[in-house]
Amino acid sequence: MTPSLSLPAVPPPISPDPCPLCGDRRAAHFHRDARRDYYRCPRCTLIHVPAAQRLAPAAERAVYDQHENSPEDPGYRRFLGRLFVPLKARLAPGAEGLDFGAGPGPTLSLMFAEAGHPMAIYDPFYAPYPKALERRYDFITATEVVEHLFAPGEELARLASRLRPGGWLGLMTKRVTSKEAFAGWHYILDPTHVCFFGEATFHWLATRLGMTVEFPAADVVLLQKPHREA
């Protein structure tokens, strides 16, 4: 009887692009659906879509133009409250903030302004005010933004640099939990979502930025800058 031969395992393909968060070039194929491929970085654990499969700017803008978020919508305010409530509890009276990626209907900035916090807004499509990114703030928010970023490592480092000592970076994005859940996850169906973070990714990011990290909700992350800069 001829013994069966076992073929050596074929390693998964490597991403054609470096990891957009940490720059590692070893991100291995993680998942494929009908439209796109997804690669997972072994260093920071970010999952990303390769650059060749992202939308062009005009197509990306067309998706955002369909959003109907409004400050008059109590349901939308409740949704944003998942970040607003825990972050506001950590702020000093009159703390100044920036809402990064405010979108076509800025609402979180209005909620903080109503609570006595002066706010600036920035959005590359709807509020492209570069001066807003030159100032320093006590807190910066980015709700449902980081999953859209083509270069999250660069953008998040820039935001952290705009924080005063002790400042907060508040993020809202749904988190990766497992490979099995990822395959059936509605979050990957949005063609403008190109980066996917897990809890381990945010721990890596906090270490990289020299910040502490908290997870007050399943889709909320709070990173704090030290009160004394090194």
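Above: the structure in question.
Quick notes on the rules
- Every chain is numbered independently, its residues counted from 1 as its sequence is written.
- Restriction of local features to residues with pLDDT of at least 70 applies here, the model being predicted, together with a cutoff of 80 or more for giving and counting side-chain atom pairs; totals for whole chains, interfaces and linings are based on all residues.
- With hydrogens and water set aside, each side-chain value is computed from the structure's full complement of heavy atoms.
- Starting at the N terminus, helices and strands are each numbered in turn, a helix being any DSSP run of H or I of at least four residues and a strand any DSSP run of E of at least two.
- Based on C-alpha atoms, the radius of gyration is set beside the globule rule, defined as 2.2 Å times the residue count to the power 0.38.
- Relative accessibility thresholds used throughout: buried, under 20% of the residue-type maximum; exposed, over 50%; partly exposed, between the two (1.4 Å probe, protein chains only).
- It only takes one pair of heavy atoms within 4.5 Å for two residues to be counted as in contact.
- Computed with a 1.4 Å probe, the accessible areas rest on the Shrake-Rupley method; for each residue, only the protein chains presented here act as cover.
- For the purpose of counting charges, residues Lys and Arg are taken to be positive, whereas Asp and Glu are taken to be negative. His and the chain ends are not included.
- All charge positions are set by atom: Lys at NZ, Arg at CZ, Asp at CG, Glu at CD.
- Only protein atoms enter the calculation, which uses a 1 Å grid: trapped sets of points that fit a 1.4 Å probe without letting it out are cavities, open sets showing protein on both sides within 12 Å along at least five of seven lines are pockets, and any residue with an atom within 4 Å of a point is a lining residue.
- Grid points are joined across faces, edges and corners, and a volume is the space filled by probe spheres set on the points.
- All amino acids are sorted into three groups, where Ala, Val, Leu, Ile, Met, Phe, Trp, Tyr, Cys and Pro are nonpolar, Asp, Glu, Lys and Arg are charged, and the leftover types, Gly among them, are polar.
- Here a strand pair is declared whenever DSSP counts at least two bridges between the two strands.
- An axis is simply a line fitted to the C-alpha atoms; with a helix, the fit covers only the stretch in contact. Between two such axes, the angle follows the N-to-C directions and lies from 0 to 180 degrees.
- Among buried residues, those of type Ala, Val, Leu, Ile, Met, Phe, Trp, Tyr and Cys that are joined through side-chain atoms within 4.5 Å constitute a nonpolar core.
- By definition here, a salt bridge exists when the distance from a side-chain nitrogen of Lys or Arg to a carboxyl oxygen of Asp or Glu is within 4 Å.

Novice: Looking at this model, I keep getting lost on the overall build of the protein. Mind explaining?
Specialist: Check the secondary structure of the protein and you find six helices and ten strands. For 230 residues, the compact-globule formula gives about 17 Å, and the C-alpha radius of gyration of the protein, at 19 Å, lands near that figure. The principal-axis extent of the C-alpha atoms belonging to the protein is close to 80 × 45 × 30 Å. A buried classification covers 47% of the 230 residues belonging to the protein. Long-range pairs, those at least 24 residues apart, make up 64% of the contacts in the protein between residues at least 6 apart in sequence. Here the protein displays about 11600 Å² of accessible surface, and carbon together with sulfur accounts for 56% of that area. Averaging the positions of the 26 positive and the 25 negative side-chain charges in the protein gives two centres separated by 6 Å.

Novice: Would you mind going over the layout of surface pockets with me for this structure?
Specialist: One way to see where empty space is left: roll a probe the size of a water molecule over the atoms. In this model, the largest pocket occupies a volume close to 690 Å³. Lining the largest pocket are 33 residues, and of these Tyr64, Asp123, Glu144, Val145 and His148 lie nearest its centre. Per element, the largest residue contribution to the lining of the largest pocket is three residues, and it comes from helix H2 (residues 74–88). The residue makeup of the lining of the largest pocket, split by class, is 16 nonpolar, nine polar and eight charged.

Novice: Can you walk me through the sheet that holds strand S5 (residues 119–122) in this structure?
Specialist: Within a sheet, neighbouring strands are paired by backbone hydrogen bonds and run either parallel or antiparallel to one another. Spatial ordering of the open sheet is given by S5-S4-S6-S7-S10-S9, a layout of six strands whose pairing is mixed. Each of the sheet's edge strands pairs with one partner strand only, and the pair in question is S5 and strand S9 (212–217). Neighbour to neighbour, the strand axes of the sheet diverge by 20 degrees on average, direction disregarded. Across six bridges, the pairing between strand S6 (residues 137–143) and strand S7 (residues 163–172) is parallel. Its bridge partner being in S7, Thr143 is matched across the sheet by Met172. Sheet strands touched by helix H4 (residues 152–161): strand S4 (97–100), S6 and S7. Its angle to S7, the strand with the most contacts, is close to 140 degrees. In the packing of helix H6 (residues 199–209) onto the sheet, contacts are made with S7, S9 and strand S10 (220–224), and the angle to S9 comes to roughly 150 degrees.

Novice: Teacher, can you tell me more about the pairing of S9 here?
Specialist: Consecutive residues of a regular strand have side chains that alternate between opposite faces of the sheet. Across four bridges, the pairing between S9 and S10 is antiparallel. Following the sheet pairing, Thr212 is matched in S10 by Gln224. Hairpin connection between S9 and S10: a loop of two residues separates the two successive antiparallel strands.

Novice: Looking at this structure, I do not really get the sheet that holds strand S3 (residues 47–48). What am I missing?
Specialist: Pairing within the open sheet is antiparallel, and its four strands lie in the order S1-S2-S3-S8. Each edge of the sheet is formed by a strand with only one pairing partner; in this case those strands are strand S1 (28–32) and strand S8 (195–196).

Novice: What exactly am I supposed to notice about the nonpolar core here?
Specialist: When a protein is soluble and globular, its nonpolar side chains tend to lie buried together. Ranked by internal contacts, the top residues of the largest apolar core, which has 47 residues, are Leu21, Phe100, Leu156, Leu169, Leu171, Phe182 and Phe196. Beyond its immediate stretch of four places on either side in the chain, Leu21 contacts Cys44, Leu46, Pro152, Gly153, Leu156, Phe197, Thr201, Trp204 and Leu205. In this structure, Phe84, Leu87, Ala95 and Phe112 belong to the second largest nonpolar core, which totals 15 residues.

Novice: Would you take a moment to explain the side chain of Arg36 for this structure?
Specialist: Within the fold, Arg36 resides in the loop between S1 and strand S2 (37–40). One buried charge, Arg36, has no salt-bridge partner; the nearest side chain with opposite charge is Asp33, at 5.1 Å. When neighbours within four sequence positions are excluded, Arg36 is seen to be in contact with His31, Val49, Gln53, Ile188, Asp190, Pro191, His193, Val194 and Phe196.

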